[in-house]
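In case you want the letters, here they are:
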Amino acid sequence: MKKAIVLIMAVCLLLGMSAFAEEAAHSDTLVIYFSCTGTTKGVAEKLANVTGADLHEIVPAVPYTAEDLNYNDRSTRATSEQDHPDTRPEIGGEDIDLSGYTTVYIGYPIWWGEEPRILCTFVESHDFTGMTVIPFCTSGGSGIGRSGKDLEQLAGTGTWLDGARHSGSISEKELRAWVDGLR
């Protein structure tokens, strides 16, 4: 009987430690990103590493193909979405619960000087109350423009900081300097 009680106590202790470890592994910082070509994903992964943040990818329900992203063809899917500001592409994959996060970085490429419309879908679908939100974008040459302010307006909640454009080749050291400069 004593052995059974000791065994039960040991199992309870292990389960409790497991729950504690799982809770400890959850950061209060999150990096969310949307990336079609991998550039924004690379920056988001570096940023998550620098900040110790959790990482979440916004996945479109219908993936974008290379043809969808052909900037030289005005009839492509991405161009059509950008030409119609009310377009809201559907998000696929797993949704994320933002509760428990206090700082959220949101990364995306710049398409025709703006955030891709799937970012509008995302921010309109989530509550950022009590969170500091920091947008960042990747682009070969365009700046972040009004995209962060546009997303802030669509979200309607959260404290949004001015964002920044990063090149795909930004180093972790450069990202650390940017993050430290936000304070």
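In the block above lies the structure referred to throughout.
Residues numbered from 1 in each chain as written. Predicted model: local features only at pLDDT ≥ 70, side-chain atom pairs only at ≥ 80, totals over all residues. Heavy atoms only, no water.

Q: In this structure, what is going on with the packing of aromatic side chains? I would like to understand it.
A: A ring pair, where both rings are aromatic, is described by two values, the distance of the centres and the angle of the planes. One pass over the structure, following the stated rule, counts eight aromatic pairs. Centre to centre, the rings of Phe 34 and Tyr 64 are 5.9 Å apart; their planes meet at 70 degrees, and the pair counts as edge-to-face. Of this pair, Phe 34 sits in the loop between strand E1 (29–33) and helix H2 (39–51) while Tyr 64 sits in the loop between strand E3 (59–60) and helix H3 (77–83); the two residues are 30 residues apart in sequence, bridging distant segments of the chain. Taking the relative accessible area as the measure of exposure, Phe 34 reaches 0% and is therefore buried. Given a relative accessible area of 11%, Tyr 64 falls into the buried group. (Phe/Tyr/Trp six-rings, centres within 6.5 Å; stacked < 30°, edge-to-face > 60°. Helix = DSSP H or I, 4+ residues; strand = E, 2+ residues; numbered from the N terminus. Buried < 20%, exposed > 50% of the residue type's maximum accessible area, 1.4 Å probe, protein only.)

Q: Before we go on, may I ask you to explain the side chain of Thr 40 in this structure?
A: You can see Thr 40 is positioned in helix H2. Setting aside its immediate chain neighbours within four residues, Thr 40 contacts Tyr 33, Phe 34, Ser 35, Gly 107, Tyr 108, Pro 109, Phe 136 and Thr 138. (Contact = heavy atoms within 4.5 Å.)

Q: Looking at this structure, I do not really get the side chain of Thr 79. What am I missing?
A: With respect to the element layout, Thr 79 can be found in helix H3. Accessibility expressed as a relative area gives 1% for Thr 79, which makes it buried. Polar contacts involving the side chain of Thr 79 include one to the side chain of Thr 76, which spans 2.8 Å. Contacts of Thr 79, omitting those with residues within four sequence positions, involve Asn 70, Asp 73, Arg 74 and Trp 112. (Polar contact = N/O pair within 3.5 Å; in protein donor to acceptor, adjacent residues only side chain to side chain.)

Q: How should I be thinking about unusual backbone geometry in this particular structure?
A: Note on backbone geometry: most residues besides glycine have negative phi, and most peptide bonds are trans. Positive phi, close to 55 degrees, is recorded for Trp 112, a residue that is not glycine. Checked against the element boundaries, Trp 112 lands in the loop between strand E5 (103–109) and helix H4 (117–124).

Q: How do you make sense of H4 when you look at a structure like this?
A: The buried count for H4 comes to seven of eight residues, which makes it a mostly enclosed element. Listed in full, the buried residues belonging to H4 are Arg 117, Ile 118, Leu 119, Cys 120, Thr 121, Phe 122 and Val 123.

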